[in-house]
Amino acid sequence: MKITHVEVHRIDVPAAAPPFRWRNGLSGSAPVGDGAVLRIGTDEGAEGVALFARPGAFTTLTELVDRVFREELTGADPVQREWLWHRVWELDRIHELPLPTLGLIDTALWDLAGRYHGEPVWRLLGGFRESIPAYASTSTFSSTEEFLDVADQCLALGYRGIKLHAWGDARRDARLCLALREHVGPDVPLMYDGSAGFDLPDAIRVGRALSEADYLWYEEPMREFSVSAYRQLAESVDVPLLVAETSDGAHMNSADFIRAGAATFGVRAGTTLRGGITGAMRTAHLADAYRLRAEVHGSDIPNHHLCMAISNTTYYESLVTATRVVRERHVDDQGLVHAPTAPGIALPLDYGYGSELLPFVEQPR
């Protein structure tokens, strides 16, 4: 079997309704955008797709396919995902590929394999579970009162934990974290994501509040360029750190965080920022060797499959972006997400596709 065509399809990515925002200093939800789907086909008719939904995705991916990827992939064996994963990293040395594009080819090839073999990708990866609890991962709301109300709604809907994305103000965020613990009691798992908003002194301030409030993990308080700063943070706070979400290098720099003693809870795994399915699984196996967690980042469908395949992940991350909470369709009323059953990976229902992509779109349950 050989790859014969590599295509980019433009899709409509709807704006969030209502719009939402992240911490101070970051932009909020994107307006209507031109997303893209990478489609890889073969001489035997087997095909696979991968979604790229970030703003400007169609222009970015079209340029990369025309300039780099199509020539590299045409004539290659799609079963040799390992070889092609290494080739993408080799190409990155010269082309400095945008981080979210490093895993697109790999994800499309795993989708192709699943469709070719008639199996969901989580089963091809070995399969570890058929359901996993979901936590509610908030966007940033206006006040402590809104956060507490959203938490009440999430718990009533069955979510098994709450993760905060707050304002990026160390004193205010610390007070919010303490207030949420007091509000929900001692038994609800709580997490906090700083969205890289702090320097080391403020990260320590927030981390000490999280330690006092017995948070499950502390995530990305600083940009992930300085492993030594994270090592100092780990030595200064008791709350466990979840690290290496956005730093380039997949399992390679995750290893540096672990070796430095900075990954006291674990590392992030996920298709979007860790080099696709293959990069995420490498990261998970690395963490498992050190008896650490590899928490799957993001609620898109490829990461849904990863949650079912990775033994050392704890939760499915479900984004909650409005003060009137609506449970994500993949989460049931017990707060569980169940394993996909269709072959391959699938594109989400949410976007505007042309008719040629409809065979790849997930079927509603």
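Calculation notes
Residues numbered from 1 in each chain as written. Predicted model: local features only at pLDDT ≥ 70, side-chain atom pairs only at ≥ 80, totals over all residues. Heavy atoms only, no water. Core = buried A, V, L, I, M, F, W, Y, C linked by side-chain atoms within 4.5 Å. Buried < 20%, exposed > 50% of the residue type's maximum accessible area, 1.4 Å probe, protein only. Helix = DSSP H or I, 4+ residues; strand = E, 2+ residues; numbered from the N terminus. Contact = heavy atoms within 4.5 Å. UniProt positions renumbered as here; feature names shortened; annotations may be inferred. Pairing = 2+ DSSP bridges. Phe/Tyr/Trp six-rings, centres within 6.5 Å; stacked < 30°, edge-to-face > 60°. 1 Å grid on protein atoms, 1.4 Å probe; cavity = no way out; pocket = protein on both sides within 12 Å on 5 of 7 lines; lining within 4 Å. Points joined across faces, edges and corners; volume = space filled by probe spheres on them. Nonpolar A, V, L, I, M, F, W, Y, C, P; charged D, E, K, R; others polar. Salt bridge = Lys/Arg side-chain N within 4 Å of Asp/Glu carboxyl O. Disulfide = S-S within 2.5 Å. Axes fitted to C-alpha atoms, helices over the stretch in contact; angles between N-to-C directions. Parallel < 35°, antiparallel > 145°, perpendicular 65-115°, else oblique. Left-handed = near helix turned anticlockwise from the far one by under 90°. Polar contact = N/O pair within 3.5 Å; in protein donor to acceptor, adjacent residues only side chain to side chain.

Trainee: Report on the nonpolar core, specifying residues and quantitative values.
Mentor: Counting 73 residues, the largest nonpolar core has Leu164, Leu180, Tyr192, Tyr215, Tyr218 and Leu233 as the members making the most contacts within it. No other element matches helix α10 (residues 276–289), which puts six residues into this core. Discounting chain neighbours no more than four positions away, the residues touching leucine 180 are Leu148, Ala151, Ile162, Leu164, Leu190 and Tyr215. If you look at the next biggest cluster of nonpolar residues, it comprises 32 residues, including Ala36, Leu64, Ala76 and Leu102.

Trainee: Tell me about the UniProt feature "domain: Mandelate racemase/muconate lactonizing enzyme C-terminal" (unreviewed entry) in the chain, and name the residues and values.
Mentor: Under the UniProt annotation, the feature "domain: Mandelate racemase/muconate lactonizing enzyme C-terminal" (unreviewed entry) is placed at residues 144–240. Taken as a whole, residues 144–240 contains 53% helix and 11% strand, while its terminal C-alpha atoms sit 24 Å from one another.

Trainee: I'd love a proper account of the pairing of strand β3 (residues 47–52), names of residues and values included.
Mentor: With respect to burial, β3 is a largely interior element, five of its six residues being buried. Sheet analysis places strand β2 (residues 33–42) next to β3, joined by six bridges and oriented antiparallel. Pairing of isoleucine 40 across the sheet is with glycine 48, part of β3.

Trainee: Give me the packing of aromatic side chains: which residues, what numbers.
Mentor: If you walk through the whole model with that rule in mind, you get 10 aromatic pairs. Taking the centre distance of 5.2 Å and the plane angle of 65° together, the rings of phenylalanine 141 and phenylalanine 147 count as edge-to-face. Across the pair, phenylalanine 147 and phenylalanine 141 agree in class, each one buried. Plain terms: the ring middles of phenylalanine 147 and tryptophan 167 are 5.5 Å apart, the flat faces sit at 85° to each other, and that makes the pair edge-to-face. Placement of phenylalanine 147 in helix α5 (residues 144–156) and of tryptophan 167 in the loop between β5 (162–165) and α6 (170–184) is noted, with a sequence separation of 20 residues between them.

Trainee: For empty space enclosed by the protein, give the residues involved together with the corresponding values.
Mentor: Here the structure, examined in full by the defined rule, presents two cavities of 30 Å³ or more. What the largest cavity holds in volume is close to 40 Å³. What lines the largest cavity is simply Phe69, Glu72, Leu73, Leu84, Arg87, Val88, Leu91 and Ile105. If you list the elements that add at least two residues to the lining of the largest cavity, you get α1 (57–73) and α2 (81–95). Looking at the lining of the largest cavity element by element, the count peaks at four residues for α2. Here the lining of the largest cavity is composed, by residue class, of six nonpolar, no polar and two charged. By volume, the second largest cavity is sized at about 30 Å³. Contributing to the lining of the second largest cavity are Leu84, Trp85, Val88, Leu102, Ile105 and Asp106.

Trainee: Any chance you could break down the pattern of salt bridges for me, citing the residues and the numbers?
Mentor: Should their charged atoms come close, side chains of opposite charge can pair. Per the counting criterion, the structure on display carries 17 salt bridges. A salt bridge links aspartate 288 to arginine 291; the nearest nitrogen and oxygen atoms lie 2.7 Å apart. Judged by relative accessible area, which is 29%, aspartate 288 ranks as partly exposed. Look at the salt bridges and you will find they share partners, linking Lys163, Asp193, Glu219, Glu245, Arg268 and Glu317 into a network.

Trainee: Please provide a residue-by-residue account of the environment of glycine 185, values included.
Mentor: Mapped onto the secondary structure, glycine 185 falls in the loop between α6 and β6 (190–193). In sequence terms glycine 185 and glutamate 317 are 132 residues apart; their C-alpha atoms lie 21 Å from each other.

Trainee: Outline helix α11 (residues 301–309), listing residues and values.
Mentor: Among the nine residues that make up α11, nine are buried, leaving the element largely enclosed by the rest of the structure. Where α11 is concerned, the buried positions are Ile301, Pro302, Asn303, His304, His305, Leu306, Cys307, Met308 and Ala309.

Trainee: Now, about the state of the cysteines: what can you tell me, with residues and values included?
Mentor: In the structure shown here, the tally under the stated rule is zero disulfides. With no disulfide of its own, cysteine 177 has cysteine 154 as its nearest cysteine by sulfur position, at a separation of 15 Å. Cysteine 177 gets classed as buried once you look at its relative accessible area, which sits at 0%.

Trainee: So, the packing of helix α7 (residues 200–212) against helix α8 (residues 227–236): which residues are in play, and what are the values?
Mentor: Remark: α7 packs on α8, axes separated minimally by 10 Å, with the N-to-C direction vectors making an angle of 30°. It follows from the interaxial angle that α7 and α8 lie roughly parallel. α8 is crossed by α7, and the crossing has right-handed handedness. In this structure, α7 contributes Leu200, Ala203, Ile204 and Arg208 to the contact, and α8 contributes Ala229, Gln232, Leu233 and Ser236. Classifying every residue of the contact of α7 with α8 by side-chain character gives five nonpolar, two polar and one charged.

Trainee: I'd like to hear about the environment of tryptophan 89, residue by residue, with values.
Mentor: One can find tryptophan 89 in helix α2. Judged by relative accessible area, which is 16%, tryptophan 89 ranks as buried. As a C-alpha pair, tryptophan 89 and alanine 17 span 72 residues in sequence and 37 Å in three-dimensional space. Ignoring any residue separated from it by four or fewer positions in sequence, one finds tryptophan 89 in contact with Leu102, Asp248, Gly249, Ala250 and Met252.

Trainee: Could you give me a rundown of the side chain of histidine 9, with the residues and numbers involved?
Mentor: Summarising the element assignment, histidine 9 is placed in strand β1 (residues 3–13). On the basis of relative accessible area, histidine 9 is assigned to the buried category, the value being 11%. Polar side-chain contacts of histidine 9 include one of 3.0 Å to the side chain of glutamate 7. When sequence neighbours within four positions are dropped, the list of residues in contact with histidine 9 reads Gly35, Ala36, Val37, Arg39, Phe58, Glu356 and Leu357.

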